[in-house]
Amino acid sequence: MAHGTPKFDPKKILIVLHGSIGDVTRALPLANLLRRGFPKAHLAWSIEPVSLPLLQGSTAIDEIIVFDRRRPWRAFLPFLARVRAGKFDLVLDLQRHLKSGVISRCTGAPQRLGFHRSDSKELNWLFNNLHIGPFGESISKLEHYLEFADYLGIDRSPVEWRVSLTEDETAAVTEHLSHVNASFAVLFVGTRWESKQWFPIQMAECAELLRSRYQLDVVLLGSKEDQELARQASAQADGRVVNLVGRTSLREAVGIIERAKVAVGPDTGLMHIAAALGTPVVSLWGATDPGRTGPHGFSHLVIQGQASCVPCLRRHCPIGRICMQSISKDQIGAKIDLALSRGRADEACHVEAV
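I will try to describe carefully the structure that is included in this document. Not measured: the values here are computed from a predicted model.

## Points about the overall build of the protein chain
Thought 1: In terms of helices and strands, the protein chain carries 12 helices and 14 strands.
Thought 2: Since a compact globule built from 354 residues should have a radius of gyration of about 20 Å, the 21 Å found for the protein chain is in line with a globular shape.
Thought 3: Dimensions of the protein chain, computed from the C-alpha atoms along their principal axes, are close to 60 × 50 × 40 Å.
Thought 4: In the protein chain, 63% of the contacts between residues at least 6 apart in sequence involve partners at least 24 apart.

Structure below.
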């Protein structure tokens, strides 16, 4: 425990993180550390529906509190009443925005731990009464979350994800892959930010490379919003690809990624899931910073697109995503060579049926 920090013996802990799939994936190791550090405590997580599947079946989480953002004004007050009724004595505010600060404060917990003032946004720091140190953008988001464990006096090693699928979900994964060879690659089609998106022709070229050079089948994964991009990529591919975009649940996608030999795609939630599972992931970067949000354990497989404005951190690109256009098939091929030669990560989660 850092010098000068209070002692902690919580009976009820709440994690507040309503973030993206990538953020929630990177915070899972912290939840597992909390379970080990405070084995008798009741551990709850406040989350929104899009990332909820990542917590289901977790052996670390005792309670999941869902905020339905589709009805924000009708749902928020009842949601705050629920977290207040939880009588938590320790809150970890991992979101660092105004909304998460309000949630943290409304719990009434005597210990509310959040980000340092210089690292928080929208006056978030005002709602918490304990704060980790300032780090800025000097460390990855995963490392930033693990600083909460350091503050609480919990040994941060080992980093574990622990993802389990039900027997039905495992069977669904097998069904999705029934026409796919055992040796296959996954391409991630879409991203939430338009600026991070790669192009259908790049996906098609990558698919052809994986088939012709490595004799790997190719599976496309993504959400329903990515189906048109997947259709365009499939149409431009010289050979067969298995298009599962919008056809799997998030948890089924986890099982598919875990079985893949390699994954390729831009900065997206599925990229972080691949890294957590130990599946080698070749990641393509333009608008965002791989030093801050890159896949854990696979920095050697990062490809940074080239443009004078990289990384711009803008959701929409006014110049046609020239950074992503600059990433060539040869660059991707070289990283795939490296990924397949090294194999899976030693420090990884392996999906188990429960």
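## Here we look at the nonpolar core
Thought 1: The biggest cluster of nonpolar side chains holds 100 residues, and the ones touching the most others in it are Trp-45, Leu-187, Phe-188, Leu-210, Val-219 and Leu-221.
Thought 2: Ranked by the residues each element gives to this core, the list is headed by helix α1 (residues 21–37), at 8 residues.
Thought 3: Every residue in contact with Leu-187, bar those within four places of it in the chain, is listed here: Trp-198, Met-203, Cys-206, Ala-207, Leu-210, Val-218, Val-219, Leu-220, Leu-221 and Val-264.
Thought 4: Membership of the second largest hydrophobic core comes to 14 residues, among which are Phe-76, Phe-88, Val-91 and Ile-103.

## Overview of the sheet that holds strand β9 (residues 217–221)
Thought 1: Pairing is parallel across the open sheet formed by 6 strands, whose spatial order is β10-β9-β8-β11-β12-β13. Single-partner strands in this sheet number two, and they are β10 (242–243) and β13 (302–304).
Thought 2: When strand β11 (residues 262–266) meets strand β12 (residues 281–285), the two strands line up parallel, connected through 4 bridges. What sits directly across from Pro-266, in β12, is Leu-284.
Thought 3: The strands touched by helix α6 (residues 200–214) are β8 (184–188), β9 and β11; relative to β8, the strand with the most contacts, the crossing angle is about 170°.

## Focus on the packing of aromatic side chains
Thought 1: The tally for this structure, following the rule as stated, stands at 5 aromatic pairs.
Thought 2: Aromatic pair Phe-67 and Phe-76: ring centres 5.5 Å apart, planes at 70°, arrangement edge-to-face. Pair check on accessibility: Phe-67 and Phe-76 agree, each one buried.
Thought 3: A cation sits over an aromatic face here: Arg-321 above Phe-199, 4.1 Å from the ring centre.

## Comments concerning the pairing of strand β1 (residues 12–16)
Thought 1: Burial analysis of β1 places 4 of its 5 residues in the buried class, which makes it a mostly covered element.
Thought 2: A crossover links β1 with its parallel partner strand β2 (residues 42–47), the connecting element being α1, and its sense is right-handed.
Thought 3: Where β1 meets strand β4 (residues 90–93), 4 bridges bridge the pair, whose relative direction is parallel. Bridged to Leu-14 within β4 is Val-91.

## Quick look at the pattern of salt bridges
Thought 1: In this structure the tally under the stated criterion is 18 salt bridges.
Thought 2: Put simply, Arg-156 and Glu-143 hold a salt bridge, and the shortest N to O gap is 2.5 Å. Of the two residues, Arg-156 is situated in the loop between α4 (141–151) and β7 (164–165) and Glu-143 in helix α4; the sequence distance between them amounts to 13 residues.
Thought 3: Here the salt bridges do not stand alone but share partners, grouping Glu-143, Glu-147, Asp-150 and Arg-156 into one network.

## Re helix α2 (residues 72–85)
Working note: α-helix, 3.6 residues per turn, so residues spaced by three or four point in the same direction.
Thought 1: Between its first and last C-alpha, α2 extends 20 Å over 14 residues, near the 20 Å set by a 1.5 Å rise per residue.
Thought 2: Of all the positions in α2, only Ala-75, Phe-76, Phe-79, Leu-80 and Val-83 are classed as buried. All buried residues of α2 fall inside an arc of 135° around its axis, so they share one side. In α2, the exposed positions angled more than 90 degrees off the buried face are occupied by Arg-74, Leu-77 and Ala-85.
Thought 3: Buried residues along α2 sit in contact with β1, β2, β3 (63–66) and α3 (98–106).

## With respect to empty space enclosed by the protein
Thought 1: The tally for this structure, following the rule as stated, stands at 3 cavities of 30 Å³ or more.
Thought 2: Reported here for the largest cavity is a volume of approximately 60 Å³.
Thought 3: Lining the largest cavity we find Thr-25, Arg-26, Leu-142, Trp-161, His-272, Ala-275, Ala-276, Gly-294, Pro-295 and His-296.
Thought 4: Counting residues per element, the lining of the largest cavity draws most heavily on helix α9 (residues 269–277), which supplies 3 residues.
Thought 5: Taken together, the residues of the lining of the largest cavity sort by class into 5 nonpolar, 4 polar and 1 charged.
Thought 6: One number sums up the size of the second largest cavity: a volume of about 50 Å³.
Thought 7: Taken together, Thr-25, Leu-28, Leu-54, Trp-161, Val-163, Val-254, Ile-273, Ala-276 and Leu-277 form the lining of the second largest cavity.
Thought 8: For the lining of the second largest cavity, the secondary-structure elements that each account for two or more residues are α1 and α9.

What counts, and where the lines are drawn
- Residues numbered from 1 in each chain as written.
- Predicted model: local features only at pLDDT ≥ 70, side-chain atom pairs only at ≥ 80, totals over all residues.
- Heavy atoms only, no water.
- Helix = DSSP H or I, 4+ residues; strand = E, 2+ residues; numbered from the N terminus.
- Rg over C-alpha atoms; globule rule 2.2 N^0.38 Å.
- Contact = heavy atoms within 4.5 Å.
- Core = buried A, V, L, I, M, F, W, Y, C linked by side-chain atoms within 4.5 Å.
- Buried < 20%, exposed > 50% of the residue type's maximum accessible area, 1.4 Å probe, protein only.
- Pairing = 2+ DSSP bridges.
- Axes fitted to C-alpha atoms, helices over the stretch in contact; angles between N-to-C directions.
- Phe/Tyr/Trp six-rings, centres within 6.5 Å; stacked < 30°, edge-to-face > 60°.
- Lys NZ or Arg CZ within 6 Å of the ring centre and 35° of its normal.
- Right-handed = clockwise from strand over helix to strand, strands pointing away.
- Salt bridge = Lys/Arg side-chain N within 4 Å of Asp/Glu carboxyl O.
- Expected span 1.5 Å × (residues − 1).
- Arc of directions from axis to C-beta.
- 1 Å grid on protein atoms, 1.4 Å probe; cavity = no way out; pocket = protein on both sides within 12 Å on 5 of 7 lines; lining within 4 Å.
- Points joined across faces, edges and corners; volume = space filled by probe spheres on them.
- Nonpolar A, V, L, I, M, F, W, Y, C, P; charged D, E, K, R; others polar.

So yeah, pure geometry; function would need other evidence.
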